[in-house]
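Coordinates in review
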There are 2 protein chains.
Amino acid sequence: MRAVDLIMKKRDGQVLNREEIDFLITGYATGKIPDYQISSLAMAVFFKGMTFEETGFLTRAMINSGDTIDLSDIEGVLIDKHSTGGVGDKVSLILAPLAAACGLKVPMMSGRALGHTGGTLDKLESIPGYRTNLSLAEFKEALEKIGFAMIGQSESVVPADRKLYALRDVTATVESIPLITASIMSKKFAEGAESFVFDVKCGSGAFMKTLEQAEGLALSLVETGRSLNRKIKAVISDMDQPLGLMIGNFPEVREVVSSLHNQGPGDLMDLTIRLTAWMVVLGGLAADIFTAEKLCREKITDGSAWKKFLENVEYQGGDIEVLLNLERAPRAQHIIPLKAENQGFLKRIDAFKMGLASGMLGAARSRKEDPVFPAVGIELLKVQGDAVKPGEELCLIHGEDLSKIDEVKKLLKDSYSFNEEPLPPGERVLKEL
Amino acid sequence: MRAVDLIMKKRDGQVLNREEIDFLITGYATGKIPDYQISSLAMAVFFKGMTFEETGFLTRAMINSGDTIDLSDIEGVLIDKHSTGGVGDKVSLILAPLAAACGLKVPMMSGRALGHTGGTLDKLESIPGYRTNLSLAEFKEALEKIGFAMIGQSESVVPADRKLYALRDVTATVESIPLITASIMSKKFAEGAESFVFDVKCGSGAFMKTLEQAEGLALSLVETGRSLNRKIKAVISDMDQPLGLMIGNFPEVREVVSSLHNQGPGDLMDLTIRLTAWMVVLGGLAADIFTAEKLCREKITDGSAWKKFLENVEYQGGDIEVLLNLERAPRAQHIIPLKAENQGFLKRIDAFKMGLASGMLGAARSRKEDPVFPAVGIELLKVQGDAVKPGEELCLIHGEDLSKIDEVKKLLKDSYSFNEEPLPPGERVLKEL
C-alpha cells in the first residue's frame, strides 16, 4: 500500500476502507508517512469529504494511535458532553455536577482552548487552588465517589489527533467536517466515555457560523457515532449572542454558583438543563426528555447539584470558602461601565466581538505562553429584547490592565445593535439530532 | 504574509496575486515554507485551478528560483518544441535538424523521462559516443555553428520546479493543468527559448488520456504564454497508437535516419513536418503554415536536414559511421516475431500497452538507477487499417533478456484489436490552438 495512491483515491472522490485509513493514520502517528502527504490528503478530504463509515474508521484509527483511559471498573453509566465552544459558555461547570447528582458518571477531559474565549480548564483554575492535573487514580476515585471529575487532556491519548490538528492548523484544512468529527470523537471515546451529548454551537461567536454548517457537523457526529455503535445526541444551540450574563473566567464561575442555586439567567439554565437531560436519557436513567428535564430541575432546586460541585472543588484542591463567600473572591481592579448612546430595544449582542473584547482584557490566550487573568471579563446588564435609554449601563468591563481599554470599548459598542420596536426573545436550542 | 492564509485563499477559490505567488515559490525554493504547506496548496490548486495570469505569475516565480541560460548573443530566432511524451515519439530527433536546416536556432534541453517510454536523452545516447552533457560554451557553439544542440537539463535551472515536481509526485497533485503548464513553461523559458511549439499528446499512451484534457492543457499553455507575452502554438496529436513503426531507443534512431532520408512512415513524417512548420511560422521565416510545410519538405528531400543531423552527432561526440552504415549498428540478441491469430483489419494498437512492453524489454527505466538497453524495442510490421491473416507477423520483438518474454508477448497480444470491415486511417493531428 502506498500513501500516494490513497491520496489519489480520496482526491478522485472514492471511499477509503478501514485498512487504508489504518495504514495512513498509523503511518502518520509513527512517522513513516510524512506531513506533506497527510496535508495533501487533508485538503483532498476538505474537498471530497468522507462517508460516516469512513469517518468512523478514521476515529478508530486515531484512538488506536495512543493510550486509552480504561474506566471499565467504574460503576454506573459513563456519559460526557462536548461543546464546540462559545462566548460565555460555562455549561460544563453546571452540567457535570448536575449529571452526577442525577446518578451519571461524567469523566470530563478538556483541552486548553486558544482563541477568543477561555477554556473550561481556565475557568476551573480561576478558583484558587483548583488542580486540573489529577492522576489517573485520583480521576477514577473522584468519578467513583463524587460522580464527576474535570481534568486536562493527557498527552498520551490520541497523539495522532494532536499531530494532525497542528498540521491542519497551518495548512488551511481545519474546516473539514469529517476531520473535525474524528478529532472530537476520538478524544471522547479514548477518554473512556460510553456516549455523549454534543453541543454544537452556531453563530458569530462559534466555529460554525451558519445553521447549515452546524447541522452538517451535528449529523456527521450522530451518524459517525452510529457507525461505531455509540449513541450520540447532538443539540445545535445559538451562539450568535453570549450565553448567560458573564464572560471571563472567574466571572463565569460566579454565574455557575448562582445557576447551581437556581438563580442563573434563563437562557443558560434552560440550555444546561436540556443538555444534562439528554445525558440522563442516553444513560437510561429516564425514559424521555421531559422526565429527564424534571429530574434535572429537581436536582438543582434540592441543592444536590451544588453539593456535588462543592465536593468536586474540594477534591480537586480548590478553595470552597471562596465559592461560599463570593464577596471574598478575586475581583478585577477596575470596573468600568459601558453606557448606551441610543434609545431602543436591544436587538443583538455580537458574541464574536464580545469574545474578542474579553480576550483583549486577558480572559483568554492567543498564544500558549500568554497568561490568563482570572477576574477580568464582561458582565452584561442588558440582554436581547431589553428596552434601553441613552445613558443606561449596557455592561460592566472588569479589567486589570487598561492599556487597551479604548479598543475594548469600541469593540463592545460595535457589538450592540438596536431595534425601534420590541422583539420576541430568541431561542437557544435551534435543533436536535 | 502567511502561507496558511494564501492556501486558504486558493482553497476558497480566490485568485492569488503576483506578490503572493512570489512569496510562496521563493519561500518554498529557499526552504522557508515547508513541504506540507506547498502540498496542501497544490491539492487546493488541483481542485480550484488557476487563471492564466496566475499560472503566468507561477511560471515567472519558478524561473526566478534559479539560473537562466542566456542565449541573447546567439544570432537568429531561438525556438524550441516540447512534447508531453508518448510511445515511439522520436519527433525531436528529426524536427531539430530540420528546423535548423530551415534557419532556426533550436536550444533543446530534455529531461530524463521515467515511466513507460524512454526519453529523448536515452534515444540520443543509444548512438555510441553521443554526449548529452555539453558545457554551456559547447551548447552555444553548437547552436551557432549547426543551429541546434540537444542536452540534458541543468540542475541549477528552475530548482523550484524540481522540488515541486518531486513533491507533487508523492502527493497525488501531478494532474493539475496550471501546475503542469508552469512546470513546462518555466523550464523552456529559463533555457533561453523565445517561443515554442507544444505537441500535446492525447490518448492511451499519453499523460492526457482524453481530447478534453489535452485541450485544457493546450489552451492553458497558449493563454499562459500570451499572459507572458510569448507566442506559443499548441498541436494536439493522437497518442492512442504508437507514432511511426519503431519503439525503443536505437530502433527509433534507425527510423529517424530513414525519416531524414524522406523514407519515414507517413504519420511520423506528417506530424514532424507540421510541428517544424509551426516553428518556422513562429520564427517569422514563412508567412503561413503552407509555405512553411513546403520549405520543410524541401529541406528533407534536398538532404540538408540529414546533413544537420550528422553535424550535430559529430559535434556531440557520436559515431556517425554507425548512422551511415546502419547494418553495423547495435542490434538486440533476439528478434522474435509476434504472429496474428485472427483474421481482420487492424483497428488499433494500444500505445500504453506497447510502451509498457517496450519498457519491460529494457527500453525505459522505472527507477533512476535502472539501466537502459539501447537496442531493445518493438518493430511494428502492421499498422491501423492493414488487412491481417492468421499466422502473419504483426511485429518483431527486439530483446536481450528473455526472462519476461511471456509477459511481453501477452501485453503485445492484448494491445492489438481487430475489425471485420476495412477502416479509414486515423488522423495524427487532432487540433491546433
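Since this is a predicted model, take the numbers as computed values, not measurements.

What counts, and where the lines are drawn
- Residues numbered from 1 in each chain as written.
- Chains lettered and ligands numbered in written order.
- Predicted model: local features only at pLDDT ≥ 70, side-chain atom pairs only at ≥ 80, totals over all residues.
- Heavy atoms only, no water.
- Domains from an automatic or database assignment.
- Contact = heavy atoms within 4.5 Å.
- Buried area = accessible area lost by both parts, 1.4 Å probe.
- Salt bridge = Lys/Arg side-chain N within 4 Å of Asp/Glu carboxyl O.
- Least-squares fit on C-alpha atoms with pLDDT ≥ 70 in both.
- Helix = DSSP H or I, 4+ residues; strand = E, 2+ residues; numbered from the N terminus.
- Polar contact = N/O pair within 3.5 Å; in protein donor to acceptor, adjacent residues only side chain to side chain.
- Nonpolar A, V, L, I, M, F, W, Y, C, P; charged D, E, K, R; others polar.
- Buried < 20%, exposed > 50% of the residue type's maximum accessible area, 1.4 Å probe, protein only.
- Pairing = 2+ DSSP bridges.
- Right-handed = clockwise from strand over helix to strand, strands pointing away.

Re the domain arrangement of chain A
Residues and elements named next belong to chain A.
- Split into domains, chain A comes out as domain 1 (3–49), domain 2 (79–324) and domain 3 (331–419).
- Centre-to-centre separation of domain 1 and domain 2, based on C-alpha positions: 31 Å.
- Residue-level contacts link 12 residues of domain 1 with 11 residues of domain 2.
- Buried area between domain 1 and domain 2, summed over both chains or domains, comes out near 990 Å², and the portion from carbon and sulfur atoms is 79%.
- Taken as a group, Tyr28, Ala42 and Phe46 account for 44% of the area that domain 1 buries against domain 2, more than any other trio of residues on that side.
- Remark: the boundary between domain 1 and domain 2 carries 0 salt bridges.

Thoughts on the relation of the copies chain A and chain B
- Expressed as a screw transformation, the operator carrying chain A onto chain B has a rotation angle of 179 degrees and an axial translation of 0.0 Å, and the superposed copies differ by an RMSD of 0.1 Å. Taken together, the turn and the small shift mark the pair as related by a two-fold rotation axis.
- A share of 100% of the interface residues of chain A reappears at the interface of chain B, consistent with the copies meeting face to face through the same patch.

Some thoughts on unusual backbone geometry
- A positive phi angle, near 65 degrees, is found at Asn262(A), a position not held by glycine.
- Relative to the helices and strands, Asn262(A) is located in the loop between helix H11 (249–260) and helix H12 (266–282).
- Its identity is not glycine, yet Val158(B) carries a phi of approximately 45 degrees, on the positive side.
- Along the chain, Val158(B) falls in the loop between strand E3 (148–152) and helix H8 (159–170).

Here we look at the interface of chain A and chain B
- Taken together, the 22 residues of chain A in the interface contact 22 residues of chain B.
- Of all residues in chain A, Arg11(A), Tyr36(A) and Phe47(A) bury the most surface against chain B, accounting for 35% of the area lost on that side.
- Linking chain A to chain B there are 2 salt bridges.
- Summed over the shared surface of chain A and chain B, the number is 11 residue pairs in polar contact (both at pLDDT 80 or more).
- Counting residues per element, the ones that place at least two in the side of chain A that touches chain B are helix H1 (3–11), helix H3 (35–48) and helix H8 (159–170) of chain A.
- Residues that form the side of chain A that touches chain B fall into these classes: 11 nonpolar, 5 polar and 6 charged.

Some details on the pairing of strand E4 (residues 195–202) of chain B
All names here are of chain B.
- Most of E4 sits inside the fold, with 8 of its 8 residues counted as buried.
- What you see with E4 is no split at all: Ser195, Val197, Asp199 and Lys201 on one side and Phe196, Phe198, Val200 and Cys202 on the other are buried throughout.
- In this structure, strand E1 (residues 79–83) lies alongside E4, joined through 5 bridges in parallel fashion. Its bridge partner lying in E4, Asp80 is registered against Phe196.
- Each parallel crossover has a hand, and for E4 linked through helix H10 (residues 211–227) to strand E5 (residues 232–238) it is right-handed.

A short note on the side chain of Lys140(B)
Residue and element names in this part refer to chain B.
- In this fold, Lys140 is placed in helix H7 (residues 136–145).
- Among the polar contacts listed, one links the side chain of Lys140 to the backbone oxygen of Asp70, at a separation of 3.2 Å.
- Aside from chain neighbours lying at most four places away, what touches Lys140 is Asp70, Leu71, Asp73 and Ile74.

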